[in-house]
Amino acid sequence: MVCTSVKEGLDCFFMSKEGCRFNGGTCHQIVEQCEGCQKVQEFPTGNYCLVFPDPAAKWRLGKCSMATHLKETNIKGNGKLNPLKASKRNFH
Ligand code: SF4
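Remember, predicted model here, so these are calculated numbers, not experimental data. (Residues numbered from 1 in each chain as written. Predicted model: local features only at pLDDT ≥ 70, side-chain atom pairs only at ≥ 80, totals over all residues. Heavy atoms only, no water.)

*Asks:* Is there a simple way to explain the overall build of the chain in this structure?
*Replies:* On a plain count of helices and strands, the chain comes out with three helices and four strands. Element order for the chain, N to C, with α for helix and β for strand: β-β-β-β-α-α-α. Scored against the burial criterion, the 92 residues of the chain give a buried share of 24%. Put simply, of all contacts in the chain between residues at least 6 apart along the chain, 38% involve residues at least 24 apart. Accessible area of the chain: about 7,000 Å², with a carbon and sulfur share of 54%. (Helix = DSSP H or I, 4+ residues; strand = E, 2+ residues; numbered from the N terminus. Buried < 20%, exposed > 50% of the residue type's maximum accessible area, 1.4 Å probe, protein only. Contact = heavy atoms within 4.5 Å. Areas by Shrake-Rupley, 256 points an atom, 1.4 Å probe, with all protein chains shown as cover.)

*Asks:* Sorry, what's going on with the pairing of strand 3 (residues 40–43) here?
*Replies:* A regular strand places its side chains so that they alternate between the two faces of the sheet. Two strands pair when backbone bridges link them, and strand 3 and strand 4 (residues 46–49) are joined in this way by four bridges, in the antiparallel orientation. When the sheet's bridge partners are listed, phenylalanine 43 is paired in strand 4 with glycine 46. Linkage of strand 3 to strand 4, two consecutive antiparallel strands, is achieved through a turn of two residues. (Pairing = 2+ DSSP bridges.)

*Asks:* What should I look at first to understand the site of the ligand in this one?
*Replies:* Near the ligand you find Cys34, Cys37, Lys39, Val40, Cys49, Phe52, Pro55, Trp59, Cys64, Met66, Ala67 and His69, and these make up its full shell. The residue inventory of the shell around the ligand, partitioned by class, reads 10 nonpolar, one polar and one charged. (Near = heavy atom within 4 Å. Nonpolar A, V, L, I, M, F, W, Y, C, P; charged D, E, K, R; others polar.)

*Asks:* Help me understand a nonpolar patch on the surface, please; the structure alone is not making it clear to me.
*Replies:* On the surface, Leu50, Val51 and Met66 cluster together to form a nonpolar patch covering roughly 220 Å² of accessible area. Relative to the elements of secondary structure, methionine 66 occurs in the loop between helix 1 (55–60) and helix 2 (71–79). Looking at methionine 66, the relative accessible area reads 36%, which means it is partly exposed. (Patch = residues over 30% accessible without salt bridge, like charges linked within 9 Å, V, L, I, M, F, W, Y side chains within 5 Å. Salt bridge = Lys/Arg side-chain N within 4 Å of Asp/Glu carboxyl O.)

*Asks:* For this particular structure, what's the right way to read the side chain of lysine 7?
*Replies:* Here lysine 7 is to be found in the segment before strand 1 (15–16). Among buried charged residues, lysine 7 stands out as having no salt bridge; its nearest opposite-charge side chain is aspartate 54, 10 Å away. Polar contacts involving the side chain of lysine 7 include one to the main-chain carbonyl oxygen of cysteine 49, which spans 2.5 Å. Apart from residues lying up to four places away in sequence, lysine 7 is in contact with Cys27, Phe43, Tyr48, Cys49, Leu50 and Phe52. (Lys, Arg positive; Asp, Glu negative; His and termini not counted. Polar contact = N/O pair within 3.5 Å; in protein donor to acceptor, adjacent residues only side chain to side chain.)

*Asks:* What is the right way to read the confidence of the model for the chain from this model?
*Replies:* Parts of the model with low pLDDT should not have their predicted coordinates read in detail. For the chain, the average pLDDT comes to 86, and 76% of its residues sit at 70 or higher. Mean pLDDT per element in the chain: helix 2 is the minimum at 52, and helix 1 is the maximum at 97. (pLDDT = per-residue confidence, 0-100.)

*Asks:* What is the right way to look at the packing of aromatic side chains in this model?
*Replies:* The geometry of two aromatic rings is summed up by the distance between their centres and the angle between their planes. Counted by the stated rule, this structure contains three aromatic pairs. Ring geometry for phenylalanine 13 and phenylalanine 14: centres 5.2 Å apart, planes at 80°, overall edge-to-face. Accessibility expressed as a relative area gives 67% for phenylalanine 13, which makes it exposed. Looking at phenylalanine 14, the relative accessible area reads 24%, which means it is partly exposed. A ring pair is formed by phenylalanine 14 and phenylalanine 22, whose centres lie 5.0 Å apart and whose planes are at 70°; its orientation type is edge-to-face. By way of ring pairs, the aromatic residues Phe13, Phe14 and Phe22 are connected into one cluster. (Phe/Tyr/Trp six-rings, centres within 6.5 Å; stacked < 30°, edge-to-face > 60°.)

Structure below.
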């Protein structure tokens, strides 16, 4: 249903005829770690995530899985260099 509270006009799974069914009865605003993410949208009521109703929960246990502003650091990080170094070591 289309949200009539904080994300007005956005189709949302949690919206019902009785109002928002999300925990607390409303979405929560983005947290500091979300800044720069493309999923952030500004509404007259504040800045909210288009995917998650409670962004703080997505960061509580590590990095948000849907964050668009972290991709570069993820690729540069542990992804490719370490396995290569490891395989070279195995040949010698
Ligand atoms: S997708 Fe994750 S990082 Fe991006 S705004 Fe939503 S909660 Fe924040």
